[in-house]
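Close look at the chain arrangement
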Amino acid sequence: MRRWIIVLLGVLVPIAGAKAEDIYRFGRLGLRLAPEDIAAIRSHVAEHGTPWAMLGWYSQTLPEVRYVDVFLPPSRPMDTLRRGPVAHLKCSPLADESACVRWEEAAPTGEYAQVADGAEGFSEGFLPRTSRERPIRIVGDLSDRDIVTLVAYIRSSPRPRAKQGWVAMALSGDLPIQDIELEADGTVRAWLTLDGGVVHSGRFRRTPHGWQITEVVLGVA
């Protein structure tokens, strides 16, 4: 799973044989994946199902490595929440080749969640209606309720309580959530970004009254 490097600045069945244009792609690399790459990635994960979304990015150090997270059909589809497996792949290109078809496993299969952007639930199919419906990579033992309530809270653009004389920066709930991770101390961290570049990070804790945001970090990745 991708780890952000931050510089501080303050129930539907997939259609078998889906075409490349039926796959929702995001991330800097995801938007640029060559047809040969998409075909090779689909072949690599074929035994697990037909992918419906791919997130791709480049390594931040040389030699260049390309990473793609492949989102497979949900194993737990509900009206407003879907959860399923995500395969983590990588490939090292030769020179400046546009396609990199020698994909291999980068990490064990993980989990994602997709939360509907609206109380009416999902539309037909898997493709997000808005960027906020993109699949979210999940790390840690979080219940369905944890995920749904936390995502709703994040989308409200919460602001940490400020110290006297200070103004705290709000988390931009209009951005899509890319990662949610349960940390060892029981707090939860989320990362939000459109397609890389500027990244918003928030830390949250559970309270008797619901989620509370305790920290916002704005950075670049």
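Predicted, not measured: the structure shown is a model, and the values here were computed from it. Counting starts from 1 at the beginning of each chain's written sequence and moves along it residue by residue. Where local features are concerned, this predicted model is filtered to residues with pLDDT of at least 70; where side-chain atom pairs are given and counted, the filter is 80 or more; whole-chain, interface and lining totals use all residues. Computation of side-chain values covers all heavy atoms of the structure but excludes hydrogens and water.

1. Comments concerning the nonpolar core
Under the convention used in this document: In this description, a nonpolar core means a group of buried Ala, Val, Leu, Ile, Met, Phe, Trp, Tyr and Cys residues linked to one another through side-chain atoms lying within 4.5 Å. Each residue is placed in one exposure class: buried if its accessible area under a 1.4 Å probe, protein chains only, is under 20% of its type's maximum, exposed if it is over 50%, and partly exposed if it falls in between. Helical segments are the DSSP runs of H or I of at least four residues, strand segments are the runs of E of at least two, and each set is numbered from the N terminus. A contact between two residues is defined here by any heavy atoms of the two lying within 4.5 Å.
One finds Ile147, Ile154, Ile177, Ile180 and Phe204 to be the most contacted residues of the largest nonpolar core, which totals 20 residues. For this core, the elements supplying multiple residues, two or more each, are strand E6 (104-115), strand E7 (136-139), helix H2 (144-155), strand E8 (177-182), strand E9 (188-192) and strand E11 (210-220). Ranked by the residues each element gives to this core, the list is headed by H2, at four residues. Aside from chain neighbours lying at most four places away, what touches Phe204 is Leu150, Tyr153, Ile154, Pro158, Leu171, Thr187, Val188, Ala190, Trp211, Gln212, Ile213 and Thr214.

2. What to know about the packing of aromatic side chains
Each aromatic ring pair is described using two quantities: the centre-to-centre distance and the angle formed by the ring planes. Rules: Two rings from Phe, Tyr or Trp (for Trp, the six-membered ring) form a pair when their centres sit within 6.5 Å of each other. Planes less than 30 degrees apart are called stacked, planes more than 60 degrees apart edge-to-face, and all others tilted. We call a charge positioned above a ring when the Lys NZ or Arg CZ atom is no farther than 6 Å from the ring centre and deviates by at most 35 degrees from the ring normal.
Summed over all chains, the structure comprises eight aromatic pairs. Both rings, one in Tyr24 and one in Phe26, keep their centres 5.6 Å apart while their planes meet at 45 degrees; by these two values the pair is tilted. For Tyr24, a relative accessible area of 19% gives the class buried. Overall, the relative accessible area of 2% leaves Phe26 in the buried class. Here Tyr153 and Phe204 contribute two aromatic rings whose centre-to-centre distance is 6.1 Å and whose plane-to-plane angle is 75 degrees, an arrangement assigned as edge-to-face. Of this pair, Tyr153 sits in helix H2 while Phe204 sits in strand E10 (residues 198-207); the two residues are 51 residues apart in sequence, bridging distant segments of the chain. Judged by relative accessible area, Phe204 falls into the buried class, the value being 0%. Three or more aromatic residues joined by ring pairs form one cluster here, namely Tyr24, Phe26, Trp52, Phe71, Tyr112 and Phe126. The residue whose ring lies beneath Arg82 is Phe122, and the NZ or CZ to ring-centre distance is 3.8 Å.

3. Quick look at the state of the cysteines
How we decide: The criterion for a disulfide is a pair of cysteine sulfur atoms lying within 2.5 Å.
On inspection of all chains with the given rule, the structure shows one disulfide. Bridging Cys91 to Cys100, the disulfide has an S-S length of 2.0 Å. Between Cys91 and Cys100, the S-S torsion sits near -100 degrees, and that sign places the bridge as left-handed. When sorted by exposure, Cys91 lands in the same class as Cys100, which is buried.

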